[in-house]
Amino acid sequence: MLLEVCDLRITDARDKTLVAHANLSLKAGQALGLVGETGCGKTLTVRACLGLLPPRVMCEATRLMLMGYDMQNADANRVRTILGRHVGFVPQNTMAYLHPRLKVRTQMIDGYLTWHKGVKKAAAYERARELLESVGIKDTQRVLNCYPQELSGGMRQRVNIASALMGNPSLVVADEPTAALDSVTQQAVADVLLAAVHRQQSALLLVSHDLELVRSRCDSVAVMYAGRIVEVGPCKDVLHNPGHPYTQALIDAVPRVSLLGFERLCDVAGSMPEKNRESMLCAFAPRCPRARTGCFNKEVSWQSCDDSQLSEPHEAWCLHAWEDAKAPESEGVLA
């Protein structure tokens, strides 16, 4: 197991809970998608797994293992070594992770040579050039000699993706890796990430708002709402037979081919709560179209889908999972 997270809790300096009771696991060769609204805690969860939480944000867990190492007890040097040798990270903020005073070639090559001894600089340069080509950059020589601020946001994102793949990582963590790219390049870049996972028998943890990207590229998916994972299971089953009404709401909000010009996209009234994320009551109840009286005062527990044909468990954190659920339309991006 490359990543094991059990009962993860993330808090800020005022002990306000940001993420509660999160559980994730990832094996070699597996691709896991983590989806949910902005502010639900996806990026914080990923950063906790990598030991990269912002200052004054803390985490604790029953178990938090990365590449076989206990990340809760690892010192800064150990964390750097684990990340440098085994993990490729594609950040959400393209500019923050590229040094403005260093050329692209320096940032791609020096880090690679630091953690992979014995590699010649010329070989590292050629690998950087090939990876930039693989993410759709034509003039690789020019880009390698550019400073980050000389590139567009989309180009910087491609550089970040290429940099993450430089060291043949065992685990690739991609936080909205295609957000700054056009639709054609999004597919090409997603294919590059997935090809790297398959080629190296590594794992991919993909954080995204794009349900179609997750459906087509991931084996399993975890749906997050208000700091808590509310549904998890095989990707195709979760997106075609959702048990949690929030998962259904995300699916309904995806634009579809069958949508007529005068029809509005589905949305969910209200907003996601920021407080009481550690509560065992349902945080989605005030916005839930299926909510009943008990949803506001009864503690929620996990329920399992009774489909015996599933290769992996499909579970939802809901009192009325799979009750009165409607299947997504046959037409559209999730069909």
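A quick note: this is a predicted structure, and the numbers were derived from the prediction, not measured.

Could you clarify how one ought to interpret helix H2 (residues 76-86) in this entry?
A turn of α-helix holds 3.6 residues, and therefore any two residues three or four places apart point the same way. Restricting attention to buried positions, one finds in H2 the residues Val 79, Ile 82 and Leu 83. End-on view of H2: buried residues confined to an arc of 90°, all on one side of the axis. Those residues of H2 that are buried are in contact with strand S5 (63-66), strand S6 (69-70) and strand S7 (87-90).

Help me understand the packing of aromatic side chains in this model?
In this description, a pair of aromatic rings is defined by centroid distance and the angle of the planes. Scanning all chains against the criterion turns up four aromatic pairs. Judged by centre distance (5.7 Å) and plane angle (80°), the ring pair of Phe 89 and Tyr 97 falls under edge-to-face. For Tyr 97, a relative accessible area of 37% gives the class partly exposed. Members of the aromatic cluster, each reached through a chain of ring pairs, are Tyr 225, Tyr 246 and Phe 284. Of note, Arg 228 hangs over the ring of Trp 317, and the distance from its end group to the ring centre comes to 4.2 Å.

What am I meant to see in the nonpolar core here?
As a rule of thumb, soluble globular proteins bury nonpolar side chains together. The biggest cluster of nonpolar side chains holds 97 residues, and the ones touching the most others in it are Leu 66, Met 108 and Val 159. For this core, the element with the most residues is helix H7 (residues 183-200), which contributes seven residues. Excluding residues that lie within four positions of it along the chain, Met 108 makes contacts with Ala 128, Leu 132, Leu 144, Val 159, Ala 162, Ser 163 and Met 166.

Whenever I open this one, the confidence of the model for the protein chain confuses me. Can you help?
Any region with low pLDDT has predicted coordinates that should not be read closely. For the protein chain, per-residue confidence averages 89 on the pLDDT scale, and residues scoring 70 or more make up 94% of the total. Considering only residues more than four positions removed or in separate chains, one finds that residues 327-333, a stretch of pLDDT under 50, has 17 contacts.

Quick question: what am I supposed to make of the pattern of salt bridges here?
Side-chain pairs of opposite charge can arise where the charged atoms are in close proximity. Following the criterion strictly, the structure yields 12 salt bridges and no others. Among the salt bridges present, the one from Glu 37 reaches Arg 287, with a minimum N-O distance of 3.2 Å. Pair noted here: Glu 37 is in the loop between strand S3 (31-35) and helix H1 (42-49) and Arg 287 is in the loop between helix H10 (245-252) and strand S12 (302-304), with a separation of 250 residues, a long-range link. For Arg 277, the salt bridge identified is with Glu 274, shortest N-O distance 3.5 Å. When its relative accessible area of 42% is taken as the criterion, Glu 274 is described as partly exposed.

Got a minute to help me understand the packing of helix H4 (residues 121-134) against helix H6 (residues 153-165) in this structure?
Helix packing for two helices is described by the angle between their axes and how far apart those axes are. Following both chains from N to C, one finds H4 and H6 inclined at 130°, their axes separated by 9 Å at the closest point. Classified by the angle between their axes, H4 and H6 sit oblique to one another. Of the two elements, H4 crosses H6, and the hand of that crossing is right-handed. On H6, the residues that touch Arg 127, Leu 131 and Leu 132 of H4 are Val 159, Ala 162 and Leu 165. Class assignment for the residues of the contact of H4 with H6 results in five nonpolar, no polar and one charged.

Where do I start with the environment of Cys 6 in this structure?
Tracing the sequence through the fold places Cys 6 in strand S1 (residues 3-11). The exposure class assigned to Cys 6 is partly exposed, which follows from its relative accessible area of 29%. Ignoring any residue separated from it by four or fewer positions in sequence, one finds Cys 6 in contact with Ala 22, Asn 23, Ala 61, Thr 62 and Arg 63.

Looking at this structure, how should I read the pairing of S7?
Walk down a regular strand and you will see the side chains alternate between the two sheet faces. Burial along S7 is two-sided: Val 87 and Phe 89 and Gly 88 and Val 90, pointing in opposite directions, are all buried. Here S7 runs beside strand S8 (residues 171-175); their pairing, made up of four bridges, is parallel. Paired with Val 87 across the two strands is Leu 171, which belongs to S8.

The rules behind each value
Residues numbered from 1 in each chain as written. Predicted model: local features only at pLDDT ≥ 70, side-chain atom pairs only at ≥ 80, totals over all residues. Heavy atoms only, no water. Buried < 20%, exposed > 50% of the residue type's maximum accessible area, 1.4 Å probe, protein only. Helix = DSSP H or I, 4+ residues; strand = E, 2+ residues; numbered from the N terminus. Arc of directions from axis to C-beta. Contact = heavy atoms within 4.5 Å. Phe/Tyr/Trp six-rings, centres within 6.5 Å; stacked < 30°, edge-to-face > 60°. Lys NZ or Arg CZ within 6 Å of the ring centre and 35° of its normal. Core = buried A, V, L, I, M, F, W, Y, C linked by side-chain atoms within 4.5 Å. pLDDT = per-residue confidence, 0-100. Salt bridge = Lys/Arg side-chain N within 4 Å of Asp/Glu carboxyl O. Axes fitted to C-alpha atoms, helices over the stretch in contact; angles between N-to-C directions. Parallel < 35°, antiparallel > 145°, perpendicular 65-115°, else oblique. Left-handed = near helix turned anticlockwise from the far one by under 90°. Nonpolar A, V, L, I, M, F, W, Y, C, P; charged D, E, K, R; others polar. Pairing = 2+ DSSP bridges.

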